[in-house]
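Residues per chain, in single letters:
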2 protein chains.
Amino acid sequence: MAYDLNKFFKAISDPNRVKIMELLKDKELNVSEICQHFDMQQPSVSHHLSVLKNADIVAHTKRGKEVYYRLDSICITSCCNGFQEQFVEIEKLGKAGKAQ
Amino acid sequence: MAYDLNKFFKAISDPNRVKIMELLKDKELNVSEICQHFDMQQPSVSHHLSVLKNADIVAHTKRGKEVYYRLDSICITSCCNGFQEQFVEIEKLGKAGKAQ
DNA sequence: TTTATACATAGGAATGTATCTATATATTAA
DNA sequence: TTAATATATAGATACATTCCTATGTATAAA
């Protein structure tokens, strides 16, 4: 799978989308469930989900009337690692800790 | 150092800024030298450098009339790794290869 | 088949961003 | 001190993004 790094980073450059990703960290949620955690209207949440989907950060499955979204962690690690490798020598990678 | 992840990802969401980062990969360059690689005018390059500087992605040193910019690879690895760790279990990290 | 529910899409207003030209500031050379 | 060079800042314009309301589409329930 060839991820579009620019699309990926644009997608994660919005705090509301990052919050959606956090909600989906270890569970699937449908759109209504995601909406409950925001002040935004449902169409705005749908828009953010489509940006995440378009960047391959989330996948979705329709079950009945509901559409369930889940995180694609391969995309996240692949894009983050791939970007680092463009700029930092391999032997230096993985040494820097989490941003505090 | 507490990096601002949102600021970091917004900064790297622009192709021209990523290209500047590539130019600075293993050498310092001053603004005029960076400008030679772009069609943009010098003030636009200066603007992009200030966005990168503001996100702690580059540092700069003035020598005489010139201002030399260099990449801060610690910022890059710290932000990329820190972001991954928000969403992916530690034991799964570093397994996914470079985006092709 | 009609109605209700879940979600997506369309279109518009407000705001943010990238680029340009013009100009200010700092440093060096004459 | 005056002129030239390197870079940054200011202001304007074009375009992109976010959010809203209104509405379309698919599925399930009555």
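Notes on the structure follow.

Calculation rules
- Residues numbered from 1 in each chain as written.
- Chains lettered and ligands numbered in written order.
- Predicted model: local features only at pLDDT ≥ 70, side-chain atom pairs only at ≥ 80, totals over all residues.
- Heavy atoms only, no water.
- Least-squares fit on C-alpha atoms with pLDDT ≥ 70 in both.
- Contact = heavy atoms within 4.5 Å.
- Pairing = 2+ DSSP bridges.
- Helix = DSSP H or I, 4+ residues; strand = E, 2+ residues; numbered from the N terminus.
- Salt bridge = Lys/Arg side-chain N within 4 Å of Asp/Glu carboxyl O.
- Buried < 20%, exposed > 50% of the residue type's maximum accessible area, 1.4 Å probe, protein only.
- Near = heavy atom within 4 Å.
- Polar contact = N/O pair within 3.5 Å; in protein donor to acceptor, adjacent residues only side chain to side chain.
- Nonpolar A, V, L, I, M, F, W, Y, C, P; charged D, E, K, R; others polar.
- Buried area = accessible area lost by both parts, 1.4 Å probe.

Here we come to the relation of the copies chain A and chain B. Between chain A and chain B, which share one sequence, the superposing operator has a rotation angle of 180° and an axial displacement of 0.0 Å; the RMSD is 0.0 Å. What the superposition gives is, in effect, a two-fold axis relating one chain to the other. The overlap is high: 100% of the interface residues of chain A also sit at the interface in chain B, so the same surface is used on both sides.

Residues and elements named next belong to chain B. Taken together, 3 strands build an open sheet; the order of strands is 1-3-2 and the sheet is antiparallel. The strands lining the two open edges of the sheet, one partner per strand, are strand 1 (29-30) and strand 2 (58-63). The sheet contact formed by strand 1 and strand 3 (residues 66-71) spans 2 bridges and is antiparallel. Across the sheet, Asn-30 pairs through a bridge with Tyr-68, a residue of strand 3.

A word on the pattern of salt bridges. Under the counting rule described, the total for this entry stands at 6 salt bridges over all chains. Put simply, B:Glu89 and A:Lys25 hold a salt bridge, and the shortest N to O gap is 3.9 Å. Here the residue B:Glu89 occupies a position in the segment after helix 5 (73-87), and A:Lys25 occupies one in the loop between helix 2 (15-23) and strand 1 (29-30), the pair thus bridging two chains. For B:Glu89, a relative accessible area of 33% puts it in the partly exposed group. Two residues, B:Arg63 and B:Glu28, come together in a salt bridge whose shortest N-O distance is 2.8 Å. Residue B:Arg63 is found in strand 2, and its partner B:Glu28 is found in the loop between helix 2 (15-23) and strand 1; the two are separated by 35 residues along the sequence. Classification of B:Arg63 by relative accessible area gives partly exposed; the value is 42%. Exposure remark for B:Glu28: the relative accessible area of 30% places this residue in the partly exposed category. Each of A:Glu28, A:Arg63 and A:Arg70 takes part in salt bridges that share partners, so that together they form one network.

Residues and elements named next belong to chain A. In space, the 3 strands of this open sheet follow the order 1-3-2, with antiparallel pairing throughout. Each edge of the open sheet carries a strand with a single partner, namely strand 1 and strand 2 (58-63). Strand direction decides the pairing type here: strand 2 and strand 3 (residues 66-71), joined by 6 bridges, are antiparallel. Paired with His-60 across the strands is Tyr-69, a residue of strand 3.

Here the focus is the protein's contact with DNA strand C. Looking at DNA strand C, there are 23 residues lining it, with A:Ser32, A:Ser46, A:Tyr69, B:Ser44 and B:His48 nearest. In the interface set of DNA strand C, defined as its atoms within 4 Å of the protein, sugar plus phosphate atoms amount to 75%. At a separation of 2.8 Å, a phosphate oxygen of DNA strand C approaches a polar side-chain atom of B:Ser44. Within the side chain of B:Lys62, one N or O atom sits 3.3 Å away from a sugar or linking oxygen of DNA strand C. Looking at the surface near DNA strand C, the elements that each hand over two or more residues are helix 3 (31-35), helix 4 (42-54) and strand 3 of chain A together with helix 2 and helix 4 (42-54) of chain B. Counting residues per element, the surface near DNA strand C draws most heavily on helix 4 of chain B, which supplies 4 residues. Considering only residue class, the surface near DNA strand C consists of 6 nonpolar, 10 polar and 7 charged.

On to the interface of chain A and chain B, then. Contact residues are listed per partner, giving 40 residues for chain A and 40 residues for chain B. Contact between chain A and chain B buries roughly 3400 Å² in total, counting both sides, with carbon and sulfur atoms accounting for 59%. Taken together, chain A and chain B are joined by 11 residue pairs in polar contact (both at pLDDT 80 or more). Contributions of two or more residues to the side of chain A that touches chain B are made by helix 1 (5-11), helix 2 and helix 5 (73-87) of chain A. For the side of chain A that touches chain B, the element with the most residues is helix 5 of chain A, which contributes 13 residues. A class-by-class count of the residues in the side of chain A that touches chain B yields 20 nonpolar, 12 polar and 8 charged.

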